[in-house]
Every structure is written in C-alpha cells, then in structure tokens.
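So you can see what is in the structure, the chains are spelled out below.
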Amino acid sequence: MVMTGAGVSAESGIATFRGDDDSIWSRFSPHELATESAFVQHPERVWSWYQWRRRQIAQATPNAAHLALARLEQCVPSMTLVTQNVDGLHQAAGTQNLIELHGNIMRSKCHMTHKPIDPSDWCPDGQYPEGKPPASPHHPKGLARPDVVWFGEALDSITLDRAVASSLDCEVFFSIGTSAVVEPAASLATMARQQGACIVEINPQHTPLSMLADYLFHNPAGQILPLLVEHLEHPH
Ligand code: BV8
C-alpha cells in the first residue's frame, strides 16, 4: 500500500500545505479557507483560492515520483495507492488502483445538495476565473464548491473503508510526502503497523510517523522512488 501527500506533488511545482516556507498554509490558516463555514462566510475568497490552485494544477505535469509509482503498480499489481492529494496527478501518471481520500479539486459540486456540477458551468473555455462561485443548477440557494473534503467534513465512508481495508491487509506500507498529521489519513499507517506491515517513510523531514518507520528515506520522492522501482524491476 502507498499513502501519498502533498510532498509528492511538490516537484510538480504545487505548493505543499506545511513543511516549507512557501507552502499554501504558511500564508493562510487552514480554517480561513478549507472549511464549509469559511465558504459560507466568504464564498468569493474560498472559491478564488481554489480557482488559483486549479490554474496551478492545470499547468502541472506528473513528476518522477508520480511516474515511478505508476511503474511500481506495474511491478506489483496488488498495490493500492491511497492519496490525500486532490490534484489528479497520480491518474495523469497512469496509476490505476487509486483511492482519493480527500476528493478531487478538478470537480465541483453544489454546496447545498452535493450533486456534481458540470465543468462547463464553472471553468468556461478551460479558464478558472476568480470571483463569486457560480450558482448551482441543483438548488435555488446553491453555489458551486470544489468536490474536496474540507476540515470538519467527514470523508466518504466507502472510500475510507477501502483505504482501511488496504491498511489492514498490506505487507508493506509506504508513507510518501505527507506530514502525517491530518486525520483520519494519518491513522492508516498505525493500523498497518499494528497488523505487522513494514513501514517505509519517504520525506526529507521527520514526521510523527518517523519513529515508527522500519525504513526512512530523507530524500525527495522524485529522487528516491525511481531508484527503488528500478531495483524492483531489475533486481541485481
Ligand atoms: C474529519 C482537501 C470528522 C482540501 C484536506 C484528531 C486530532 C486533531 C484533529 C483532528 C482529528 N481528527 C480529525 C481532526 C480534524 C482534521 C485534522 O486532521 N486536522 C489536522 C490539522 C490535525 N481532520 C478533518 O477535519 C477530517 N475530517 O475528521 O471529520 C467528522 C466525522 C463525522 C462527521 C463530521 C466530521 C478531514 C481532513 C481532510 C481535510 N482536507 N484536503 C484541500 O486540499 O483544499 S487535507 C490537506 O492536508 C490536503 O489534502 C493535504 O494533502 C493534507 C495533508 O497534508 P499533507 O498531504 O501531509 O501535506 P503537508 O503539506 O502537510 O506535508 C507535505 C510533506 O511533504 C511535508 O512533510 C514535507 O516535508 C514533505 N515533502 C516536501 N517535498 C517533498 C516531500 N516529501 C517527499 N518528496 C518531496 N519532494
């Protein structure tokens, strides 16, 4: 099983949430932006922040870490990749067996009914205009919001159950590019460890998981993952 966080997309030029000085959260408090109450109080501010992120992501391409993980899945067909990221770069790299724990920023839904809203309603001709979120076609008071899990919102129960099942079943658990603080994602590693999985962490910085890991690689994911996969593809 592989769990990834924002650090895997850092080498695609997408700012992480913590852990470096130009990260998104260093300029904002998570609760200013990624919560339902923030959206209800300041829809234009929250919507514009997401449109700014969408513009970044639309120009981003998968990096060596994403591509190596797609190759790893070819070598190990039983692999499940669980990501906290909402940028869609694992799919773009070719990963098939993917669980998006926190949704996907390139989808929008009605903030009242949670029904999906077609991209043509909120990103006309592929642009991501900032400003007021478009009205929802599903509810007279509905607005378009990103289809991601905000702080204080429950994860989709089926999605979470699939990720838990993978944690309880895996022999090796890779934690890559995550600060291992956001719950319930962070608990998946401890569940895996409790059932005896070997824990491998790839992160230039220490995290709360580091003391539990059997193997630590303090390297950028884009540097070390291709080497690991190369070794698996061509064991010496
Ligand atoms: C819920 C989508 C309940 C939005 C995100 C227990 C204790 C305390 C708090 C809580 C708790 N349980 C729940 C909470 C509250 C909260 C939480 O966990 N808070 C944290 C801050 C403590 N959790 C929730 O609210 C969750 N919901 O529990 O609901 C509930 C139940 C029933 C009914 C109602 C409610 C929902 C959490 C989901 C929030 N949404 N994203 C968006 O993206 O806008 S989370 C957000 O953080 C992103 O998804 C991000 O991926 C995620 C985690 O961060 P990381 O991925 O780890 O990224 P980060 O920047 O932190 O770290 C990057 C790492 O990469 C760094 O360590 C860095 O060193 C490393 N790195 C950098 N470069 C590289 C690298 N590594 C490798 N290579 C590199 N090149």
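Residues numbered from 1 in each chain as written. Predicted model: local features only at pLDDT ≥ 70, side-chain atom pairs only at ≥ 80, totals over all residues. Heavy atoms only, no water.

(A) Main features of the packing of aromatic side chains. Throughout the structure, instances matching the rule amount to 5 aromatic pairs. A ring pair is formed by W47 and W122, whose centres lie 6.3 Å apart and whose planes are at 85 degrees; its orientation type is edge-to-face. Taken as a pair, W47 in helix α5 (residues 43-59) and W122 in helix α8 (residues 119-122) lie far apart in primary sequence, 75 residues in all. In terms of burial, W47 and W122 fall into one category: buried. Aromatic side chains W122 and Y128 sit 6.3 Å apart centroid to centroid with 45 degrees between the ring planes, which places their arrangement in the tilted category. Judged on exposure class, the residue W122 and its partner Y128 are both buried. Here a set of aromatic residues connected by ring pairs shows up, and it is made of F39, W49, Y50 and W150. Over the face of the ring belonging to W49 we find R53, whose NZ or CZ atom lies 4.5 Å from the ring centre. Across from the ring centre of W150, 3.7 Å away, lies the NZ or CZ of R145, which sits over that ring. (Phe/Tyr/Trp six-rings, centres within 6.5 Å; stacked < 30°, edge-to-face > 60°. Helix = DSSP H or I, 4+ residues; strand = E, 2+ residues; numbered from the N terminus. Buried < 20%, exposed > 50% of the residue type's maximum accessible area, 1.4 Å probe, protein only. Lys NZ or Arg CZ within 6 Å of the ring centre and 35° of its normal.)

(B) Structural detail: helix α11 (residues 221-233). Helix length check: α11 (13 residues) gives 18 Å between terminal C-alpha atoms against 18 Å at 1.5 Å per residue, within 8%. Taken together, the buried positions of α11 are A221, G222, I224, L225 and V229. For α11, the arc enclosing every buried residue in end-on projection is 165 degrees, short of the 170-degree limit, so these residues lie on one face. Summarising the contacts, the buried residues of α11 are in contact with α6 (64-75), β7 (172-176), β8 (198-202) and β9 (215-217). (Expected span 1.5 Å × (residues − 1). Arc of directions from axis to C-beta. Contact = heavy atoms within 4.5 Å.)

(C) Structural view of the sheet that holds strand β4 (residues 103-110). With antiparallel pairing, the 3 strands of this open sheet are ordered in space as β5-β4-β6. Each end of this open sheet is capped by a strand with a single partner; those strands are β5 (116-117) and β6 (144-148). Pairing between β4 and β6: 5 bridges, direction antiparallel. Directly across from K109, in β6, lies its bridge partner R145. (Pairing = 2+ DSSP bridges.)

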